[in-house]
Amino acid sequence: LPEYQTITETGTRTLWAVFVLMLLSMIVFVGLSWTTPISKRLYHIITTLIVTFASLSYFAMATGHGISYHRTTVTDSHRHVPDTTHDVYRQVYWARYVDWSLTTPLLLLDLALLAGLSGGHILLAVVADVIMILTGLFAAFGSEGTPQKWGWYAIACIAYLVVIWMLAVHGRANAMAKGGKVGKFFASIAGFTLVIWTIYPIVWGIADGSRKMTVDQEIIAYAVLDLLAKPVFGAWLLFTHQSMPETQVEL
Ligand code: RET
């Protein structure tokens, strides 16, 4: 008999709660933007777009969209009987990858502008980031639980290392060159980002990857991470930016 790994009431409530919180932070960020002079609104605009995309993707998932069932055939090893197999169908929330492919480049752009990263390095970081998310999507649909799924996962992790390199090496050097205050702020907010982002591939490995986490647990784990990576990150950036004129960028 096939086994189904699906969302329950707890997961659905979590998705709705995050949708509401993303929508509220969108309203707050729009408000902050309106009380800021137009020439200083770049971070506000980027950050508002980030929570807007997140609201859309959480709305889709809460209403049961952007999800598909992925089948894996598992061999049951019983003693004394010939091997039999059974199919496991698990929900894969592909709406997340649509969200991440748009929002992680925007989050990187926030950090890159803060640090004053060069155009070339911004491009490299963003392209590596998109490769990370899209190969992560291939990994999530890795055909029928074959080993090449972990091959895609490894490629995504290498792309992630390129992203880290751009921020930790070039980002930090440029931010430090802008002066002590900006350098310190960049080190804190980029450090926070690095810690939060690194938990995503770990959750993925336990949830989509090896399926040791239930779908509800996966939803809760990503909910906490998404709230920290988007509204908390965004509020921290916008409030600090307001009190730190050196972070201003002319574009
Ligand atoms: C995947 C799986 C493949 C390996 C790696 C991953 C990294 C994902 C990251 C996601 C960050 C998402 C954020 C969302 C915003 O709310 C795709 C999970 C490395 C870093 C910050």
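What this report covers is the structure whose coordinates are included nearby. (Residues numbered from 1 in each chain as written. Predicted model: local features only at pLDDT ≥ 70, side-chain atom pairs only at ≥ 80, totals over all residues. Heavy atoms only, no water.)

## Observations concerning the site of the ligand
Taken together, 14 residues are adjacent to the ligand, and Ala156, Trp197, Tyr200, Asp226 and Lys230 come closest. Between an oxygen atom of the ligand and a side-chain N or O atom of Tyr200, the distance comes to 3.4 Å. One nitrogen or oxygen atom from the side chain of Lys230 is found 2.8 Å from an oxygen atom belonging to the ligand. Relative to its unbound accessible area of 540 Å², the ligand is 100% covered by the protein chains. (Near = heavy atom within 4 Å. Polar contact = N/O pair within 3.5 Å; in protein donor to acceptor, adjacent residues only side chain to side chain. Areas by Shrake-Rupley, 256 points an atom, 1.4 Å probe, with all protein chains shown as cover.)

## Topic: the sheet that holds strand β2 (residues 68–76)
Across the sheet, which stays open at both edges, the three strands sit in the order β1-β3-β2 with mixed pairing between neighbours. Each edge of the open sheet is held by one strand with a lone partner, namely β1 (3–5) and β2. In this sheet, adjacent strand axes meet at a mean angle of 25 degrees when their direction is disregarded. As defined by bridge partners, β1 adjoins strand β3 (residues 84–92) across three bridges and the pair is classed as parallel. Bridging across to β3, Gln5 finds its partner in Arg90. (Pairing = 2+ DSSP bridges. Helix = DSSP H or I, 4+ residues; strand = E, 2+ residues; numbered from the N terminus. Axes fitted to C-alpha atoms, helices over the stretch in contact; angles between N-to-C directions.)

## As for the packing of aromatic side chains
Per the counting criterion, the structure on display carries 15 aromatic pairs. Each ring, one from Tyr4 and one from Tyr69, has its centre 6.2 Å from the other, and the planes form 85 degrees; the classification is edge-to-face. Of the two residues, Tyr4 sits in strand β1 while Tyr69 sits in strand β2, which places them 65 residues apart along the sequence. Looking at Tyr69, the relative accessible area reads 43%, which means it is partly exposed. Pairing Trp100 with Tyr222 gives two aromatic rings, centres 5.4 Å apart and planes at 70 degrees, and the pair type is edge-to-face. Residue Trp100 is located in helix α3 (residues 95–115), and its partner Tyr222 is located in helix α7 (residues 215–242); the two are separated by 122 residues in the primary sequence. There is no split in this pair, since Trp100 and Tyr222 are both buried. Among the aromatic residues, ring-to-ring pairing joins Tyr97, Trp100, Tyr200 and Tyr222 into one connected group. (Phe/Tyr/Trp six-rings, centres within 6.5 Å; stacked < 30°, edge-to-face > 60°. Buried < 20%, exposed > 50% of the residue type's maximum accessible area, 1.4 Å probe, protein only.)

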